[in-house]
Amino acid sequence: MKKKMRVMTEKPLNAETPIESLRTWTTDNRVFFKRNQGQIMQRPVKLSAWNLIIEGLVKRNLKLSIEDIRSMPKVEVANTLECSGNSRSLLKEKASGNPWTIGGVGNAIWGGIWLKDLLKMVDLKHNAKHVSFEGLDKPLGSAGIRFIRSIPLEKAISSTILAYEMNGEPLPLKHGYPLRALALGWTGANCVKWLHKITVLDRPYEGFFMDKVYRVFQKGEDPRSGEVVKDIMVKSIITEPINGDNLLAGTVAIRGAAYAGEAGISKVEVSVDGGQTWIAARLTGIEETYAWRHWEYLWDAQKQGDYTIMSRATDARGRRQPENADWNVLGYGNNGICEHAIQLNIV
Ligand SMILES: Nc1nc2c(c(=O)[nH]1)N[C@H]1C(S)=C(S)[C@@H](COP(=O)(O)O)O[C@H]1N2
Ligand SMILES: [Mo]
């Protein structure tokens, strides 16, 4: 039986991927986590009435139809998308926001175009520094604030795509049909769905979704003083067995996924004694720059009892997961080893 998504809120729709569905290298579109600030349109936009507009610090404004975009050189890239607030509910101290466990992440093969190809067409002005994306989703709440986010031009040129396909299917309505931005290796908030306008700016976009949220700050601090969430930090999750399982003594397969945004994974280690000793896990499956790496450790569990199982990942730049996450008011970036430990009972 296929497990269902865990819905945290219906309006807006916020739902996480069931743990079982994190075990395949690509995550099924139907159970891929869904994170929304606004109201998803009921029906997909009519493609004949849809355009992508590019304006701002450009020498030529551009208005493209979906056919224009599809006729450009196509890129297909595997990219693991994670919500900045993923694992928030596992923090030792409560933080406000959707109570994600580990399912605010998924890996997909995205088909689309390189943003740099579009930026070449418009001819950037010399003071172009940031690129903002605006979504078509209707804001919820009386303030009526649209979802607009910007990324630095450097990221826009080096490794950002505009995707119209997800795992070989047209981009599903809930994931931004017909087009979304994907800043590869960066957290979900940088990947605007239902994209319809790109504006080139000389500074980061100023607005609610840039200045009040998606920033790392402490109690009493002005959100604006905090760093904007960007690349995904090195992290590993255990997807098998499930926390709290009772298992027979013998070989226990401990499996999971590890990811580090723009960096690859060089090592995953597992501890079955609460972090005292660590053993290298085997990296399995496909290795792609922006995609997670699956891993496995076959544990010979001989003695009955309660065990604390942990995993820790090291990325290709030598950065390792911290013992505990750096707490912040909005609970972003929980990649703590201890927070992601699971308990098993061997019977
Ligand atoms: N237009 C628009 N884009 C958006 C959002 C949104 O609310 N509106 N949410 C962002 C956040 S916070 C995340 S984590 C990802 C989630 O993408 P998914 O729902 O396709 O998994 O979309 C991002 N893009
Ligand atoms: Mo997010």
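Structure: see above.
It should be emphasised that the depicted structure is a prediction, and the values quoted were computed from it without experimental measurement.

Thresholds applied
For every chain, the first residue of its written sequence is number 1, and the numbers climb from 1 along that sequence. To read the labels, note that chains go from A and ligands from 1, taken in the order they are written. This being a predicted model, a pLDDT of at least 70 is required before a residue's local features are given, and a value of 80 or more before pairs of side-chain atoms are given or counted; all residues contribute to the totals for chains, interfaces and linings. The basis for the side-chain values is all heavy atoms of the structure; hydrogens and waters are excluded. Helix and strand definitions here come from DSSP, where helices need a minimum of 4 consecutive H or I residues and strands a minimum of 2 consecutive E residues; each element is numbered from the N-terminal end. Under the scheme applied here, a residue whose accessible area is under 20% of the maximum for its type counts as buried, over 50% as exposed, and between as partly exposed, the area being computed with a 1.4 Å probe on protein chains only. Each accessible area is a Shrake-Rupley estimate made with a 1.4 Å probe; only the visible protein chains count as cover when residues are assessed. When charges are counted, Lys and Arg are positive and Asp and Glu negative, with His and the chain ends excluded. Charge coordinates come from a single atom per side chain, which is NZ of Lys, CZ of Arg, CG of Asp or CD of Glu. Put simply, a residue is near a molecule or strand once any heavy atom of it comes within 4 Å of that molecule or strand. Polar contacts here mean pairs of N or O atoms no more than 3.5 Å apart (in protein, one a potential hydrogen donor and the other a potential acceptor; neighbouring residues in sequence count only if both atoms are side-chain atoms). Nine residue types can take part in a nonpolar core, namely buried Ala, Val, Leu, Ile, Met, Phe, Trp, Tyr and Cys, and a core is a set of them joined through side-chain atoms within 4.5 Å. Contacts between residues were defined by any pair of non-hydrogen atoms, one from each residue, lying within 4.5 Å. By definition, two strands form a pair when at least two bridges between them are found by DSSP. Axis definition: a line fitted to C-alpha atoms, limited for helices to the stretch in contact. Angles are taken between N-to-C directions and run from 0 to 180 degrees. Aromatic rings from Phe, Tyr and Trp, taking only the six-membered ring of Trp, are treated as a pair when their centres fall within 6.5 Å; an angle between ring planes under 30 degrees marks them as stacked, one over 60 as edge-to-face, and anything in between as tilted. Whether a charge lies above a ring is judged from NZ of Lys or CZ of Arg, which has to be within 6 Å of the ring centre and within 35 degrees of the ring normal. The method works on a 1 Å grid over the protein atoms by themselves. A cavity is a set of points holding a 1.4 Å probe that cannot get out, a pocket is an open set with protein on both sides within 12 Å along at least five of seven lines, and residues with an atom within 4 Å of a point line them. Grid points are joined across faces, edges and corners, and a volume is the space filled by probe spheres set on the points. For this scheme, ten residues count as nonpolar: Ala, Val, Leu, Ile, Met, Phe, Trp, Tyr, Cys and Pro. Four count as charged, namely Asp, Glu, Lys and Arg, and the remainder, Gly too, count as polar. Throughout the structure description, domain borders are defined by an automatic or database domain assignment.

Peer 1: Looking at this structure, how should I read the overall build of the chain?
Peer 2: Looking only at helices and strands, one finds four helices and 23 strands in the chain. Classification of the 347 residues of the chain by burial places 55% in the buried group. Of the roughly 15,500 Å² of accessible surface on the chain, a fraction of 51% belongs to carbon and sulfur atoms. Treating the 47 positive side-chain charges of the chain as one cloud and the 38 negative ones as another, the clouds have centres 5 Å apart.

Peer 1: Help me understand the site of ligand 1 in this model?
Peer 2: Of all residues adjacent to ligand 1, which total 20 residues, the nearest are Phe33, Gln37, Asp137, His175 and Lys193. Note that an oxygen atom of ligand 1 is positioned 2.8 Å from one of the side-chain N or O atoms of Arg180. One of the backbone N or O atoms of Cys191 is found 3.0 Å from a nitrogen atom in ligand 1. Compared with its free state, where it exposes 530 Å², ligand 1 has 100% of that area covered by protein.

Peer 1: It is not clear to me how the nonpolar core should be interpreted in this structure. Could you clarify?
Peer 2: Across soluble globular proteins, nonpolar side chains have a tendency to be buried as a group. Counting 45 residues, the largest nonpolar core has Leu52, Leu115, Leu118, Phe133, Leu162 and Ile198 as the members making the most contacts within it. Looking at this core element by element, the count peaks at four residues for helix α2 (residues 115-122). Not counting residues up to four positions away in its chain, the partners in contact with Leu118 are Leu52, Ile54, Leu62, Leu64, Met72, Ile113, Leu162 and Ile198. Counting 22 residues, the second largest nonpolar core, distinct from the first, contains Val272, Tyr297, Ile309 and Leu344.

Peer 1: Looking at this structure, how should I read the pairing of strand β15 (residues 235-240)?
Peer 2: In summary, the side chains of a regular strand alternate between the two faces of the sheet. Taken across its six residues, β15 has five buried, putting it largely inside the fold. Pairing of β15 with strand β17 (residues 250-259) involves five bridges; the strand directions are antiparallel. Bridging from a neighbouring strand, Ile237 pairs with Ala257 of β17.

Peer 1: Can you help me understand the sheet that holds strand β8 (residues 148-152) in this one?
Peer 2: Paired through backbone hydrogen bonds, the strands of a sheet run either parallel or antiparallel to each other. With mixed pairing, five strands are arranged side by side in an open sheet as β4-β3-β12-β7-β8. The open sheet is flanked by β4 (62-64) and β8, the only strands paired with a single partner. Looking at each pair of strands side by side, their axes are set apart by 20° on average, direction ignored. As judged from the four bridges shared by strand β3 (residues 52-56) and strand β12 (residues 195-201), these two strands associate in the parallel manner. What sits directly across from Ile54, in β12, is Ile198. The sheet strands contacting α2 are β3, β4, β7 (130-135) and β12, and the helix crosses β4 at an angle near 135°.

Peer 1: Just checking my understanding: could you explain unusual backbone geometry for this structure?
Peer 2: Across the chain, the bulk of peptide bonds are trans and the bulk of non-glycine residues have phi less than zero. Here the residue pair Lys11 and Pro12 is connected by a cis peptide bond, since its omega of 0° sits within 30 degrees of zero. Summarising the element assignment, Pro12 is placed in the loop between β1 (6-9) and β2 (14-16). At the junction of Tyr177 and Pro178, the peptide bond is cis and its omega measures out at 5° in the coordinates. Checked against the element boundaries, Pro178 lands in the loop between β10 (169-170) and β11 (180-183). Of note, Ser87 is a non-glycine position whose phi angle comes to about 70°, a positive value. For Ser87, the location among the structural elements is in the loop between β5 (75-82) and β6 (105-114). The buried category is assigned to Ser87, whose relative accessible area is 0%.

Peer 1: Where do I start with the packing of aromatic side chains in this structure?
Peer 2: Any aromatic ring pair is given by two values, namely how distant the centres are and how the planes are angled relative to each other. Scanning the model with the defined rule gives nine aromatic pairs in all. Note on Phe32 and Trp110: the rings are 6.0 Å apart at their centroids and 85° apart in plane angle, and the pair reads as edge-to-face. One end of the pair, Phe32, is in the loop between β2 and β3; the other, Trp110, is in strand β6, with 78 residues separating them in the sequence. The exposure class of Phe32 is buried, given its relative accessible area of 0%. According to the relative accessible area criterion, Trp110 is buried, its value standing at 0%. Where Trp299 meets Tyr307, the ring centres are 4.9 Å apart and the plane angle is 75°; that geometry is what we call edge-to-face. Taken together, the ring pairs in this structure connect Phe147, Phe208, Phe209, Tyr214 and Tyr332 into an aromatic cluster. Looking at Lys116, its charged tip hangs above the ring of Trp114, at a distance of 4.5 Å from the centre.

Peer 1: So what exactly am I meant to see when it comes to the layout of surface pockets here?
Peer 2: By volume, the largest pocket amounts to about 520 Å³. Looking at the largest pocket, it is lined by 27 residues, and the ones nearest its centre are Asp231, Ile232, Met233, Gly333 and Asn335. Residue composition of the lining of the largest pocket, by class: 11 nonpolar, seven polar and nine charged. Looking at which domains feed residues into the lining of the largest pocket, each of domain 1 (6-228) and domain 2 (235-346) supplies at least three.

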